[in-house]
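Results of the structural survey
Each chain, letter by letter, is given below.
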Amino acid sequence: MTTLTSAPLAPLLNYLFELADNMAHPTNEAFRVMSDEEQNRLLQSKTDYLELYGHLKNVPLAVSRETGKLLYMLARSSKAQSIVEFGTSFGISTLHLAAAVRDNGGGKIITSEFEPGKVALARNHFADAGVSDLIEVRVGDALHTLSRDLPAAIDMLVLDGAKAIYPEILALVEPHLRPGALIVADDADFSPEYLEHVHSGRGYLSLPFNDGVEVSMWLGRSQ
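Starting afresh in each chain, residues are numbered from 1 along the sequence in its written order. For this predicted model, a pLDDT threshold of at least 70 governs which residues receive local features, and a threshold of 80 or more governs which side-chain atom pairs are given and counted, while totals over whole chains, interfaces and linings are taken from all residues. Computation of side-chain values covers all heavy atoms of the structure but excludes hydrogens and water.

**Overview of the overall build of the chain**
Think of it this way: any DSSP run of H or I at least four residues long counts as a helix, any run of E at least two long counts as a strand, and we number them from the N terminus. Each helix and strand in the chain was counted, giving ten helices and seven strands. Accessibility here uses a 1.4 Å probe with only protein chains present; expressed as a share of the type maximum, an area under 20% marks a residue as buried, one over 50% as exposed, and anything in between as partly exposed. In the chain, buried positions account for 52% of the 223 residues. For the chain, long-range pairs separated by at least 24 residues make up 72% of all intrachain contacts whose partners lie at least 6 apart in sequence. It only takes one pair of heavy atoms within 4.5 Å for two residues to be counted as in contact.

Dropping the structure here:
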């Protein structure tokens, strides 16, 4: 048995995934009232992304079950103990990461979320799962919250927030990535600038996974 597959975390994750499945309609409704032009503008804007996610403040925006398992497997196999996450939402991806860190012997996850309501829910979920001691939630715009006080050596970075600023978040964290660190970007196809960067060969090996997930490895500045 692992932390991921045993109580209290496993039943909590089942509940949260079911909740996310049942709450897909608010996401669709939020976009239905926008024109295609407005949707594209908000998805691609590096300044108005807070407006977009404000429309989705009550929606879980969860990773898929498969992506959650992938996060756990990558973190476990790489023995990750220092993880940074952009985009907490209700904490589903964070819980998978915390399970891996717990099973790796301990460590710390720094996760950032700008919506206070989601932060409160996520913290409750972390407490219910018994992993609060592993997680630091930073509240606010990640361009600010992840610009300071990061660990000297980060083992893994997870990108699951506003797609338009994936490159900016990576730039903040990159100086702290240890050689061999993994970067997992959800819905990376919505950030062509990010994909161009990790496919450039300048320090990264990268390949697409299922569900629009891009998995990359940081080789180091000399590569």
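Picking up after the structure, the text goes on.
**Looking at the side chain of Arg138**
Of note, Arg138 is situated in strand 3 (residues 135–139). Distance and chemistry together define a polar contact, namely a pair of N or O atoms within 3.5 Å, with one atom able to donate a hydrogen and the other to accept it when in protein, and with adjacent residues in sequence counting only for side-chain atoms on both sides. Within polar-contact distance, the side chain of Arg138 engages the backbone oxygen of Asp149 at 2.8 Å. When near neighbours in sequence (up to four residues on either side) are disregarded, Arg138 contacts Ile110, Thr111, Ser112, Glu113, Thr145, Leu146, Arg148, Asp149 and Leu150.

**Brief notes about helix 6 (residues 92–103)**
In a helix, the anticipated span is given by 1.5 Å times the number of residues less one. Spanning twelve residues, helix 6 covers 17 Å between terminal C-alpha atoms, matching the ideal 16 Å at 1.5 Å per step. For helix 6, the tally of buried residues reaches ten of twelve residues, placing the bulk of the element in the interior. Of all the residues in helix 6, the buried ones are Ile92, Ser93, Thr94, Leu95, His96, Leu97, Ala98, Ala99, Ala100 and Val101. Backbone geometry just downstream of helix 6 places Gly105 in the positive-phi region, at approximately 105°.

**Quick word on the nonpolar core**
The term nonpolar core refers to a set of buried residues drawn from Ala, Val, Leu, Ile, Met, Phe, Trp, Tyr and Cys, joined through side-chain atoms within 4.5 Å. Counting 36 residues, the largest nonpolar core has Leu9, Ile83, Leu95, Val131, Ile135 and Met156 as the members making the most contacts within it. Elements represented by at least two residues in this core include exactly helix 1 (9–22), helix 5 (65–77), helix 6, helix 7 (116–129), strand 3, strand 4 (154–159) and strand 5 (177–185). Here the element with the most residues in this core is helix 6; it accounts for seven residues. Among residues more than four places away in sequence, those in contact with Val131 are Leu9, Leu95, Ala98, Arg102 and Phe126. In this structure, Ala181, Ile183, Ala185 and Tyr204 belong to the second largest nonpolar core, which totals 25 residues.

**Things to note about the layout of surface pockets**
Vacant regions in the atomic arrangement are exposed by a probe of water-molecule size rolled over the atoms. Both site types are read off a 1 Å grid over the protein atoms alone. A 1.4 Å probe that fits but cannot get out defines a cavity, while an open set with protein on both sides within 12 Å along at least five of seven lines defines a pocket; lining residues have an atom within 4 Å of a point. Grid points are joined across faces, edges and corners, and a volume is the space filled by probe spheres set on the points. The calculated volume of the second largest pocket comes to roughly 210 Å³. Around the second largest pocket, the lining residues are Leu4, Thr5, Ala10, Leu13, Asn14, Phe17, Arg65, Lys69, Tyr72, Met73 and His96. Looking at the lining of the second largest pocket, the elements that each hand over two or more residues are helix 1 and helix 5.

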